[in-house]
Amino acid sequence: MPLIDRDPLLLTPGPLSTSLRTKQAMLHDRGSWDEAFNRITAEVCRRLVDIVHAGETHVAVPMQGSGTFAVEAALGTLVPRDGKVLVPNHGAYCARILRILATIGRAAVELTVPEDQPMSPAAIAAALDADPGLSHVAVVHCETGTGILNPLEDIARVVAERGRALIVDAMSSYAAVAIDARTTPFDALVAASGKGLEGVPGMGFVIASRTALEASAGRCHSLALDLHDQWRYLQRTTQWRFTPPTHVVAALAEALRQFDEEGGVAARGARYAANGRRLVDGLGALGLQPFLRPEVQSPVIVTFHAPRHPAWDFDTFYRGVRERGYILYPGKLTRVETFRVGCIGALAPADVDGVVDAVARTLRTMGIPTPR
Ligand SMILES: *Cc1c(COP(=O)(O)O)cnc(C)c1O
């Protein structure tokens, strides 16, 4: 018998806990040819571009699937077959970009970065200067594997100054951290429905420069992931190319309304940051230390060192916390034993107090002493 009679709260970076209103938006069946549904798609795409102030220069192209589908669509469509991509790598999602490029046959150069350090704009500039063959840079804004936040505006500047194109995986930072296309030039920025926008998973999207997209016809390695074809078809017909995730799109439209009501990126980012501080303070009082320095910690997800105690076992810990109503995430680091707690989703700081309490009780049950 679970101790708590409700859905567990998801302290994970997607899928995440969603509001009742967002869930209720999915209680209708909508036709993909139907004008009412196509208006929802158009409105959602317009809002997605506005959030990063890109309406003058960019368009939002939605893509069925999880976030990775949209990342692969962006790389496969925008990087020419003879292009070459610089990929700074300090975590699991950076590594995924390298894996995609290898799979779709685009040349890549890895720039290794320590996993507890942000990417250095100067190191990116030096790598670009050293290799004139590099056409693109692909970076992860917030590396969700650790929770580290990268200096996107400075990175974008050094890339633009060198006449190269930037593709950003902003999956976990979009809607939580301010991004302004007018001061942060990029060819493409990729995110998804089920992260900081607090929709349900199932739809990615690419905020793509209109000129870059126009130049990319016929380049993609894949039919289903061809962003240019998807964009042209949407423009021509107002419809998605293949079956759209209708319930996901409707839920995202409703989630966007709540995002606006809350106060946009500033308010959402502030709530997530408050969640993160409460988490670090609360778990810190139990003797659990964050993996990252506070200066580079994003308001998205916090990695904690596991307790150094012979009774520690992530699966037992996970089950104990889950029984008390909360779902945590395993660590993604190879060298140190960690676990992760997300700050994003329909969660308030009071929910974080519940998590801290569940962790404290679980550790005690496991026989792991806590200072309090
Ligand atoms: C969630 C996420 C993705 C996409 O992962 P999916 O499992 O495909 O949804 C990509 N990059 C980052 C940084 C993410 O946080």
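What counts, and where the lines are drawn
- Counting restarts for each chain, with residues numbered from 1 along the sequence as it is written.
- Only residues with pLDDT of at least 70 are given local features in this predicted model, and only at 80 or more are side-chain atom pairs given and counted; all residues enter the totals for whole chains, interfaces and linings.
- Side-chain numbers here rest on the full set of heavy atoms in the structure, without hydrogens or water.
- UniProt positions are given in the numbering used here, feature names are shortened, and annotations may be inferred rather than shown by experiment.
- Numbering goes from the N terminus for both helices and strands, where a helix is a DSSP run of H or I of at least four residues and a strand is a run of E of at least two.
- Note on classification: 1.4 Å probe, protein chains only; a residue is buried when its accessible area is under 20% of the maximum for its type, exposed when over 50%, partly exposed between these limits.
- Under the rule applied, a polar contact is a pair of N or O atoms within 3.5 Å (in protein, one hydrogen donor and one hydrogen acceptor; residues adjacent in sequence only if both atoms are side-chain atoms).
- Classification of ring pairs uses Phe, Tyr and Trp, with its six-membered ring standing for Trp, and accepts pairs whose centres are within 6.5 Å; under 30 degrees between planes counts as stacked, over 60 as edge-to-face, and the remaining range as tilted.
- By the criterion adopted, a ring carries a charge over it if an Arg CZ or a Lys NZ lies within 6 Å of its centre and within 35 degrees of its normal.
- Note on method: axes are straight lines fitted to C-alpha atoms, helices fitted across the in-contact stretch only, with angles between N-to-C directions ranging 0 to 180 degrees.
- Roughly parallel here means an angle under 35 degrees, roughly antiparallel means over 145, roughly perpendicular means 65 to 115, and every remaining angle is called oblique.
- Helix crossings get a hand from a simple test, with the near helix turned counterclockwise from the far one by less than a right angle marking a left-handed crossing and a clockwise turn marking a right-handed one.
- Any pair of residues with heavy atoms lying within 4.5 Å of one another is described as a contacting pair.
- Amino acid classes used here: Ala, Val, Leu, Ile, Met, Phe, Trp, Tyr, Cys and Pro are nonpolar; Asp, Glu, Lys and Arg are charged; the rest, including Gly, are polar.
- Should DSSP find at least two bridges between two strands, the strands are taken to pair.

As named in an unreviewed UniProt entry, the chain is 2-aminoethylphosphonate--pyruvate transaminase, taken from Rubrivivax gelatinosus. According to UniProt, the comment filed for the chain under the heading Function (unreviewed entry) is "Involved in phosphonate degradation." Checking UniProt for the chain, the heading Subunit (unreviewed entry) contains the comment "Homodimer."

Draft legend 1. A look at the UniProt feature "binding site: substrate" (unreviewed entry) in the chain. The UniProt entry lists Arg340 under the feature "binding site: substrate" (unreviewed entry), expressed in the numbering used here. Here arginine 340 lies in strand S14 (residues 338-342). Assessed through its relative accessible area of 1%, arginine 340 is described here as buried. Side-chain polar atoms of arginine 340 contact the backbone oxygen of threonine 144, separated by 2.7 Å.

Draft legend 2. The packing of aromatic side chains, seen in detail. Under the defined criterion, the tally for this structure stands at seven aromatic pairs. Both rings, one in phenylalanine 314 and one in phenylalanine 317, keep their centres 6.5 Å apart while their planes meet at 55°; by these two values the pair is tilted. With phenylalanine 314 and phenylalanine 317 both in helix H11 (residues 314-323), this residue pair falls three residues apart, about one helical turn. The residues phenylalanine 314 and phenylalanine 317 share a single accessibility class, namely buried. Taking the centre distance of 6.0 Å and the plane angle of 45° together, the rings of phenylalanine 314 and tyrosine 318 count as tilted. Of this pair, phenylalanine 314 and tyrosine 318 both sit in helix H11, four residues apart, which is roughly one turn of that helix. For phenylalanine 314, a relative accessible area of 14% corresponds to the buried category. In this structure tyrosine 318 comes out as partly exposed when scored by relative accessible area, which is 25%. Members of the aromatic cluster, joined through ring pairs, are Phe304, Trp312, Phe314, Phe317, Tyr318 and Phe339. Over the aromatic face of tyrosine 326 sits the side chain of arginine 6, whose NZ or CZ is 5.2 Å from the ring centroid.

Draft legend 3. The packing of helix H5 (residues 121-130) against helix H6 (residues 152-161), seen in detail. Between H5 and H6, the shortest axis-to-axis distance is 9 Å and the interhelical angle comes to 20°. Looking at the two axes, H5 sits roughly parallel to H6. Seen from above, H5 lies across H6 with right-handed handedness. Residues Pro121, Ile124, Ala125 and Leu128 of H5 form the contact with H6, whose participating residues are Asp154, Ile155, Val158 and Val159. Residues that form the contact of H5 with H6 fall into these classes: seven nonpolar, no polar and one charged.

Draft legend 4. Focus on the sheet that holds strand S2 (residues 58-64). Pairing within the open sheet is mixed, and its seven strands lie in the order S2-S10-S9-S8-S5-S3-S4. The two strands at the open ends of the sheet, each matched to only one other strand, are S2 and strand S4 (107-112). Here the strands of the sheet are splayed against their neighbours by 20° on average, with no regard to which way each runs. Across seven bridges, the pairing between S2 and strand S10 (residues 203-209) is antiparallel.

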